[in-house]
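# Commentary on secondary and tertiary structure
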Amino acid sequence: MYVSHLVLHDFRSYAAADVRLEPGVTAFIGRNGQGKTNLVEAIDYLSRLSSHRVATDAPLVRAGADQAVVRAAVVKDGRTAVLEVELNPGRANRARINKSPLPRTRELVGLVRTVVFSPEDLTLVKGDPSDRRRFLDDLLVLRTPRLAGVRADYDRVLRQRNSLLKTAGAARRGSSSQESALATLGVWDAHLARTGAELLAERLALTEALRPYVGKAYETVARGASRDDAEITYRPSFELPAGDGPAADRTVLTDALLAEVERRRNDELDRGVSLVGPHRDDLLLTLGHGPDESGGARLPVKGYASHGESWSFALALRLASYDLLRADGDDPILILDDVFAELDTERRAQLADLVAGAEQVLVTAAVGADVPQALAGTRYVVANGEVRRADDDR
Ligand SMILES: Nc1ncnc2c1ncn2[C@@H]1O[C@H](COP(=O)(O)OP(=O)(O)OP(=O)(O)O)[C@@H](O)[C@H]1O
């Protein structure tokens, strides 16, 4: 798939932008702060209805404006659809396909698929478990858009349950207000177990599906590495029932989650938060260096890996996502946002070779010479809020 036309109104620094795009590689070159990332961020936003840079929509709307619009013509298998989203911070966003309003904005998710590489990716490796959970959940939703609903339901259940736990924990033991809060809590336990088990089962299956691609991708981006070096393992917040493979049975998981919630009841009341469920899980990233160097031991990447190894792992996670989506029969749009400046020449060339065959690759860079020769495609110069096609400016 590829975007053939991008139109922005009051998005980030752009009062208006209108850019025609082609399949293949397009690089946006310009000095810092000129609006290169803002362009690719708009396409990424259409794909997931969230940005890789900020958690809320408000910063995406141009300062002083109260609404932003992102519109893109997306070509897939020769057919074009025009997707549009209107961002209204503080009010409901709206989405349209070919000018027809969608009942729910969420229905737009997954119609255009992107995989974004950016300097922020290092947080996948060095950041908190929440960064890795978001990575898994974003990929889940891209592959199966219906799961956006499950994710939203789980977040809602968690918020309600946490507020009840606070109320019940603060009430006098045995008082009628505690009794009533505990009775309501039972209902939310069941919701948490059901939606939590669904999310958990999906994440377990995704981790299994992704694992071989991560090993292969790491071997390709890290000098001298082998396919078995990089591994990902899903780390749940409680012990899973024995024998649970990737296609874990939802009923068994629901029962196990419910039993664990009941077992931890007192802890939860003391702390006033939900301590069990997929919101407490992590994706463990480990590296082995072969039996010669470490006696076959595997070490977590966080806290142990070198800067170069951490970068390679982060790149491998993104490349693996791309390969998995491709194996699903889709060719997502690849966005390489400011990554080349972070990489040494050899790794730049490797990454460029790996992605050069994608149907559409969008690259941003401050310096044209940082973009490897293998990605010599169409170039745009971005300066003073204008995007203009250029001859090779290196
Ligand atoms: N909501 C907004 N309203 C107005 N301007 C904004 C808004 N959000 C970001 N900007 C401006 O957009 C510019 C950043 O654009 P962008 O991140 O696309 O830069 P870039 O060209 O990718 O730069 P770099 O090479 O440094 O990454 C900054 O000058 C910032 O002040």
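Procedures and definitions
- Residues numbered from 1 in each chain as written.
- Predicted model: local features only at pLDDT ≥ 70, side-chain atom pairs only at ≥ 80, totals over all residues.
- Helix = DSSP H or I, 4+ residues; strand = E, 2+ residues; numbered from the N terminus.
- Buried ≥ 20, exposed ≤ 12 C-beta atoms within 10 Å, placed from the backbone.
- Contact = placed C-beta atoms within 7 Å.
- Near = placed C-beta within 6 Å.
- Pairing = 2+ DSSP bridges.
- Axes fitted to C-alpha atoms, helices over the stretch in contact; angles between N-to-C directions.
- UniProt positions renumbered as here; feature names shortened; annotations may be inferred.
- Parallel < 35°, antiparallel > 145°, perpendicular 65-115°, else oblique.
- Core = buried A, V, L, I, M, F, W, Y, C linked by C-beta atoms within 7 Å.
- Expected span 1.5 Å × (residues − 1).

Turning next to the overall build of the protein chain. A tally of helices and strands in the protein chain yields 10 helices and 15 strands. Structurally, the protein chain occupies a C-alpha span of about 75 × 60 × 35 Å along its principal axes. For the protein chain, buried positions account for 41% of its 394 residues. Long-range pairs, those at least 24 residues apart, make up 67% of the contacts in the protein chain with a sequence separation of at least 6.

Close to the ligand lie 17 residues, the nearest being Ser13, Asn32, Lys36, Thr37 and Asn38. At three residues, the largest contribution of residues to the shell around the ligand is made by helix H1 (residues 36-48).

On to the sheet that holds strand S4 (residues 68-76). Across the sheet, which stays open at both edges, the six strands sit in the order S2-S1-S4-S5-S6-S7 with antiparallel pairing between neighbours. Here the strands that pair on one side only, and so sit at the sheet edges, are strand S2 (14-20) and strand S7 (100-101). Strands strand S1 (2-11), S2, S4 and strand S5 (79-87) of the sheet are contacted by H1, whose axis makes an angle of about 105° with S1.

So, about the UniProt feature "binding site: ATP" (unreviewed entry) in the protein chain. The sites that UniProt annotates as "binding site: ATP" (unreviewed entry) are Gly30, Arg31, Asn32, Gly33, Gln34, Gly35, Lys36 and Thr37. Setting aside residues no more than four positions away along its own chain, glycine 30 makes contact with Lys36, Val381, Val382 and Ala383. For lysine 36, the position within the fold is in helix H1. When neighbours within four sequence positions are excluded, lysine 36 is seen to be in contact with Phe28, Gly30, Thr364 and Val382.

Another point: the sheet that holds strand S15 (residues 386-390). Taking strand neighbours across the sheet as the criterion, the six strands line up as S8-S12-S13-S3-S14-S15 in an open arrangement whose pairing is mixed. Looking at which strands have only one partner, the edges of the open sheet turn out to be strand S8 (114-117) and S15. The mean angle between the axes of side-by-side strands here comes to 20°, regardless of whether they run parallel or antiparallel. As defined by bridge partners, strand S3 (residues 24-29) adjoins strand S14 (residues 378-383) across four bridges and the pair is classed as parallel. Directly across from threonine 26, in S14, lies its bridge partner threonine 378. Sheet strands touched by helix H9 (residues 307-327): S8 and strand S12 (333-337). Its angle to S8, the strand with the most contacts, is close to 165°.

This brings us to the packing of helix H3 (residues 129-143) against helix H5 (residues 176-221). In the contact formed by H3 and H5, the axes pass within 10 Å of each other and the chain directions differ by 90°. Put simply, H3 runs roughly perpendicular to H5. From H3, Leu136, Leu139 and Leu140 reach across to H5, where they touch Glu202, Arg203 and Leu206.

Below, the discussion takes up the pairing of strand S9 (residues 230-235). By the alternation rule, side chains of S9 split into Ala230, Ile232 and Tyr234, which are all buried, and Glu231, Thr233 and Arg235, of which none is buried. Examined bridge by bridge, S9 and strand S10 (residues 282-288) share six bridges and lie antiparallel to one another. Paired with threonine 233 across the strands is leucine 284, a residue of S10.

Membership of the largest hydrophobic core comes to 105 residues, with the highest contact counts inside it found for Leu46, Val214, Phe313 and Ala316. Broken down by element, this core gets its largest block of residues, 14 residues, from H5. The contact partners of phenylalanine 313, leaving out residues within four places of it in the chain, are Val125, Tyr218, Ala230, Leu285, Val301 and Ala305.

Moving on: the environment of alanine 352. Mapped onto the fold, alanine 352 is located in helix H10 (residues 345-355). Residue alanine 352 is classed as buried on the basis of its 21 C-beta neighbours within 10 Å. When residues no more than four places from it in sequence are discounted, the contact partners of alanine 352 are Pro372, Ala374 and Leu375.

Counting along an α-helix, one turn takes 3.6 residues, and residues three or four places apart therefore face a common direction. Counted at 1.5 Å a residue, the expected span for H1 with its 13 residues is 18 Å, and the 19 Å between its end C-alpha atoms agrees. Within H1, 13 of the 13 residues are buried, which leaves it mostly tucked inside the rest of the structure. Taken from the residues just after H1, leucine 49 is the one with a positive phi, measuring 60°.

With that settled, consider the environment of glutamate 179. Inspection of the secondary structure puts glutamate 179 in helix H5. Remark: the alpha-carbon pair of glutamate 179 and glutamate 268, spanning 89 residues in sequence, is separated by 16 Å.

As for its position among the elements, arginine 265 is in helix H7 (residues 265-271). On a C-alpha basis, the gap between arginine 265 and aspartate 44 in space is 41 Å, while along the polypeptide they are 221 residues apart.

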